[in-house]
2 protein chains.
Amino acid sequence: MSPRRPSSNHAPSQVDVARIAGVSTQTVSRVMSGQDNVKEATKQRVLAAVEQLGYRVHAAAASLASGRTHILGLIILATDRFSSGALTVGIERVAEEKGYTVTTATVPDHAPRETVLAAFDRLEGQGAEGIILGVPTDFDSPEMRLRTQRTPSTLPTKSRTSSGDGIIIDQRHVARLAVEHLLELGHKTVWHVAGDEYWEEAIVRREEWEAVLRERGIEAPPVIPADWTPESGYRAGRTLALIPGATAVFVASDEMAFGVIRALHEAGRVVPDDVSVVSVDDIALAAYASPALTTVRQPFEEVGAAAAHRVIATIEGTDAEAAIRPVHSELIVRASTAPPAR
Amino acid sequence: MSPRRPSSNHAPSQVDVARIAGVSTQTVSRVMSGQDNVKEATKQRVLAAVEQLGYRVHAAAASLASGRTHILGLIILATDRFSSGALTVGIERVAEEKGYTVTTATVPDHAPRETVLAAFDRLEGQGAEGIILGVPTDFDSPEMRLRTQRTPSTLPTKSRTSSGDGIIIDQRHVARLAVEHLLELGHKTVWHVAGDEYWEEAIVRREEWEAVLRERGIEAPPVIPADWTPESGYRAGRTLALIPGATAVFVASDEMAFGVIRALHEAGRVVPDDVSVVSVDDIALAAYASPALTTVRQPFEEVGAAAAHRVIATIEGTDAEAAIRPVHSELIVRASTAPPAR
DNA sequence: TTGTAGGCGTTATCAG
DNA sequence: CTGATAACGCCTACAA
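Residues numbered from 1 in each chain as written. Chains lettered and ligands numbered in written order. Predicted model: local features only at pLDDT ≥ 70, side-chain atom pairs only at ≥ 80, totals over all residues. Heavy atoms only, no water.

## Quick word on the protein's contact with DNA strand D
Taken together, 24 residues form the shell around DNA strand D, and within it Gln14, Gln26 and Tyr55 of chain A together with Arg30 and Thr42 of chain B come nearest. One of the side-chain nitrogen or oxygen atoms of threonine 42 of chain B is found 2.4 Å away from a phosphate oxygen of DNA strand D. The contact in question runs from a base oxygen of DNA strand D to an N or O atom on the backbone of alanine 65 of chain B, over 3.4 Å. Of all the secondary structure elements, the ones that give two or more residues to the surface near DNA strand D are α2 (25–32) and α4 (59–66) of chain A together with α2 (25–32) and α4 (59–66) of chain B. (Near = heavy atom within 4 Å. Polar contact = N/O pair within 3.5 Å; in protein donor to acceptor, adjacent residues only side chain to side chain. Helix = DSSP H or I, 4+ residues; strand = E, 2+ residues; numbered from the N terminus.)

## With respect to the interface of chain B and chain A
Taken together, the 47 residues of chain B in the interface contact 47 residues of chain A. For the pair chain B and chain A, the summed buried area comes to about 3900 Å², and 57% of that belongs to carbon and sulfur atoms. Inspection of the region where chain B meets chain A yields six salt bridges. With its nearest N and O atoms 3.6 Å apart, the salt bridge here joins arginine 122 of chain B to glutamate 96 of chain A. Linking chain B with chain A are nine residue pairs in polar contact (both at pLDDT 80 or more). Secondary-structure elements contributing two or more residues to the side of chain B that touches chain A are α4, α5 (82–97), β2 (101–107), α6 (113–125), α10 (230–241) and α11 (254–266) of chain B. In terms of residue class, the side of chain B that touches chain A is built from 23 nonpolar, 13 polar and eleven charged. Relative to β2 of chain B, strand β2 (residues 101–107) of chain A is paired through three bridges, and the arrangement is antiparallel. (Contact = heavy atoms within 4.5 Å. Buried area = accessible area lost by both parts, 1.4 Å probe. Salt bridge = Lys/Arg side-chain N within 4 Å of Asp/Glu carboxyl O. Nonpolar A, V, L, I, M, F, W, Y, C, P; charged D, E, K, R; others polar. Pairing = 2+ DSSP bridges.)

## Some thoughts on the UniProt feature "domain: HTH lacI-type" (unreviewed entry) in chain A
Within this structure's numbering, the places UniProt gives as "domain: HTH lacI-type" (unreviewed entry) are residues 12–66 of chain A. Note that residues 12–66 of chain A is 69% helix and 0% strand, and that its end C-alpha atoms are spaced 20 Å apart. (UniProt positions renumbered as here; feature names shortened; annotations may be inferred.)

## A closer look at the packing of aromatic side chains
For any two aromatic rings, the description comes down to two numbers: the centre-to-centre distance and the angle of the planes. Under the definition given, this model contains five aromatic pairs over all chains. Pairing tyrosine 234 of chain A with tyrosine 288 of chain B gives two aromatic rings, centres 5.8 Å apart and planes at 50°, and the pair type is tilted. Residue tyrosine 234 of chain A is located in helix α10 (residues 230–241), and its partner tyrosine 288 of chain B is located in the loop between β9 (276–281) and β10 (294–297); the two belong to separate chains. This pair shows no difference in class: tyrosine 234 of chain A is buried, exactly as tyrosine 288 of chain B is. (Phe/Tyr/Trp six-rings, centres within 6.5 Å; stacked < 30°, edge-to-face > 60°. Buried < 20%, exposed > 50% of the residue type's maximum accessible area, 1.4 Å probe, protein only.)

## Describing the sheet that holds strand β8 (residues 248–251) of chain B
Residue and element names in this part refer to chain B. As summarised here, the arrangement of the six strands in space is β7-β6-β8-β9-β10-β11, forming an open sheet in which the pairing is mixed. In this open sheet, the two edge strands, each paired with only one partner strand, are β7 (224–225) and β11 (330–332). Note: β8 against β9, three bridges, orientation parallel. By the bridge assignment, valine 249 is partnered in β9 with valine 277. Sitting on the sheet, helix α9 (residues 200–215) is in contact with β6 (191–194), β8 and β9, with an inclination near 170° to β6. Sitting on the sheet, α11 touches β6, β8, β9 and β10, and the angle it makes with β9 is about 160°. (Axes fitted to C-alpha atoms, helices over the stretch in contact; angles between N-to-C directions.)

## Considerations on the environment of leucine 331 of chain B
Residues and elements named next belong to chain B. Relative to the helices and strands, leucine 331 resides in strand β11. Classification of leucine 331 by relative accessible area gives partly exposed; the value is 24%. Along the backbone, leucine 331 and alanine 307 are 24 residues apart, and their C-alpha atoms lie at a distance of 23 Å. Beyond its immediate stretch of four places on either side in the chain, leucine 331 contacts Leu177, His181, Val278, Thr294, Thr295 and Val296.

## Comments concerning the nonpolar core
Inside soluble globular proteins, nonpolar side chains tend to come together where they are buried. Counting 106 residues, the largest nonpolar core has Ile75 of chain A together with Ile75 of chain B as its most contacted members. Excluding its chain neighbours within four sequence positions, the residues that come into contact with isoleucine 75 of chain B are Ala105, Val107, Val116, Ala119, Phe120, Leu123, Ile131, Ile132, Leu133, Gly134 and Val135 of chain B. By size, the runner-up hydrophobic cluster in this structure holds 34 residues, among which are Val174, Ala178, Val212 and Phe250 of chain A. (Core = buried A, V, L, I, M, F, W, Y, C linked by side-chain atoms within 4.5 Å.)

## Considering the relation of the copies chain B and chain A
After a rotation of 180° and a shift along the axis of 0.1 Å, chain B superposes on chain A with an RMSD of 0.1 Å. The symmetry that links the two subunits is that of a two-fold axis. An overlap of 100% is found between the interface residues of chain B and their copies at the interface of chain A, pointing to a shared contact surface. (Least-squares fit on C-alpha atoms with pLDDT ≥ 70 in both.)

## Some remarks on the sheet that holds strand β7 (residues 224–225) of chain A
All names here are of chain A. Across the sheet, which stays open at both edges, the six strands sit in the order β7-β6-β8-β9-β10-β11 with mixed pairing between neighbours. Of all strands in the sheet, those with a lone pairing partner are β7 and β11 (330–332), marking the two edges. Across two bridges, strand β6 (residues 191–194) lies against β7 in parallel orientation. Within the sheet, the bridge partner assigned to valine 193 lies in β7 and is isoleucine 224.

## Considering the domain arrangement of chain A
Each domain of chain A was delimited in the assignment, giving domain 1 (14–65), domain 2 (69–169 + 301–323) and domain 3 (171–297). A separation of 60 Å is found between the C-alpha centroids of domain 1 of chain A and domain 3 of chain A. (Domains from an automatic or database assignment.)

## Section: α10 of chain B
Residue and element names in this part refer to chain B. End to end, α10 covers 16 Å across twelve residues, agreeing with the expected 16 Å (1.5 Å per residue, within 8%). For α10, the set of buried residues is Pro230, Ser232, Gly233, Tyr234, Ala236, Gly237, Leu240 and Ala241. In the core, the buried residues of α10 are packed alongside β6, β7, β8 and α11. (Expected span 1.5 Å × (residues − 1).)

## A look at the packing of helix α1 (residues 14–21) of chain B against α2 of chain B
Residues and elements named next belong to chain B. At a closest axis distance of 8 Å, the pairing of α1 and α2 adopts a crossing angle of 105°. Taken together, α1 and α2 sit at an angle that is classed as roughly perpendicular. The segment α1 lies against α2, with Gln14, Val15, Val17 and Ala18 engaging Thr25, Val28 and Ser29. Across the contact of α1 with α2, the residue classes tally to four nonpolar, three polar and no charged. (Parallel < 35°, antiparallel > 145°, perpendicular 65-115°, else oblique.)

And the structure:
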C-alpha cells in the first residue's frame, strides 16, 4: 500500500500525525526524538500514523526550535589527494554514528588565508556546530581565534606552533621511524625530499629528519624541496640522481616517491640497490609500486574519526580529552629499501 | 573595532539589525537576499548595522520560512578511491558557484540496496533538494523511483539499463578507445581485466571490449575478473602471466593496472615488450607508474560539475538538458603499450 | 504519561 | 520603496 498524504500536497507535519494518532503534537515530538516517557500503546499508534503518512521531522523547523543543527563542517582540500579521501571517510563514519551530518567546503591548495576564513564562515552560516579544518591554517591568527572561540574546531594534525588544539599524528615520530630505518640499514646519511612547506607536516618532517641526523653527528645534506605532487617528486628525483654519494632518501609522501623512483630509474640508478627510498602514507598503491614502497603508514581514516570524536565531544560538553584515541603510525618495510651496496 | 553584540549573548537577529538601522525586519530581509527594490541609502544603513553586529541570516529560520534549503545531497563511496575525490571536487565547485551547500553520505562499497536507500532518506531528511548518486544503484527499482520522483536525482554515469537519467561519460567510447588502440598497434587479440561487476561501468566496458573484438571477427578470450583494487589487479596479473599468447590487456582501471604490471614483472614478462597494458582513469600517478601508463582519461571533476549543474537545473526548473555539457574521454598514450614483439 | 502555550528567526503576502 | 502581520514546523517549559 502506498503512503497517502492528508489532502493537500505538501509534506505531512507533526500536526497531521497527531490528528491521526489522536494525540497532541507534543507526544509525536516525544516519540520522534526517542524519549521514553510515552506509553507503549500510544507510541505504537503514533508510529503507525508516521508510517502511514510517511512523516519525517522537518530538520530546519527542528533546529530552529531547538537551537541544534547536528551539522559538522569540514574544510578540505579540493583535490583527489589520497589523504583527503581517507580523512573524510573516518569523519563521516563517526558523524553518522553520533547522529551528525557533515557539510563540506573545499578550498584549493595554497589558498590564501581569507579563502579558508570564508569557508569557515560559510559553514558557520549553514549552521555547523563544529568544524574540522583539514587544510593548513594559522590556527592562532586573531581572525581564526575569533572563529574557533564561537565554534568548536579542530585540526587533524598537531601543529608545531599552536596551542595544542591540533591532534593526533605525531609527525616527529613518523619522520624518525623513516630516517632511523635507513640509518640502521647502514646508510651513512639520508637525503630528504620535502613536502610543500605550506603544510605543517612538511616542516615537522624536515625538522625531525635533521634532528635525527644531528643526534648521530651527521650533518644534514641540503633539502630537496617539492610539493607533494608526483611531478615534483620526479623533479626531485632528477636532482638526486645527479648526486653520486646519495644512497638513501626519505621522501615526505608516497605520491612523491613514485616520481622520485621513476626519475632515478631513468637515470639508471636502481632502487633499492643503488638508492633506498622510504616514504610516508602507505596509500593503496604503495605496495604496487616498482619496487614496492617501504613507507610509514598514516592511519588517516582513524585520524578523521578521532577528529570527529573530538569536535563532537566539545560540542556536547563531554570530556574532549577522553574522546581522543591516540593514533599510531607504523613503518611498513617492503622492497624499496636495502643496505647500501658495498 | 570588534563587533559588539546587542546585549544578551546570543547571535544577533534580523530584529536587532532592523532596530539599529531604523527599518523593518522586512527591509533587512530584502537587503540580505539582494532584492533591488530598496533605496540605496536605506540599504547602506542596513549594511552598516549588519556589519556592526556581525549579523548573518539564520539558515534554518530562512529555510523554514522560505521552504528552500539550498542543500545538495551526495551519496558516495566510503573509500579513498581516486574517482570519488575528483568527482566531489567538481560537484562542490559548482554547488558553491550556484549558492548551494553539499552534504555527504558515504556508503561502503558493495553496500546492499537498503543502505543506499537509507542514505538517500537521511539526506532528504536533512533537507537536500537534490541528490547525486555517486555509487551504483538500481535507479529503476520501485523504491528508488519513489524517491527520485520527489527529489531530483542524478547518476554521474550513464547506465545501460535505465531511463537516460544517468549522464555523461560514455563508457562504451572509453572501452572502444582502449581496445582499438591495442588492435591498431598490431595485437591479434586483447585480454580484459574487468572491474567489479557490481558497477555498471565495469559491465559496459566489458561488453564493449567484446563488441569491438567481435566487429573484427575476433573471438574474445575469457574475462579475467577483478574488483577495482590494486590487489585484485595483482591477482589478475598472475593469471595473465600464465598465458603465453597474451600480448595485450585492457585493464578496467589504473589502480588495477598497477597490480597487473607488478604481477607481470614478477613473472618475468616485460611491459610493454612482452605485454601491452592500457587502462582507464588517468590518475595522478598513472604517469609515474613503471612503465608510465597508457590510459583513457576520465574527466571526473567535469563529470561532477555536470552532475551538479544537472540537479540544480532540475531543482530550479531551468532547462536541465541545456545545463549539461558533454564530457570527453581521451586516450593518453604513454609507455605501457607497444606493438607486439615479432 | 500527556497536553497547552509560546516562541525560535525568517520570508510571503498584502497594504500603504 | 517600505512596513505590518501571519505563517513555516517544531521544541522547551510548564501544567495537568
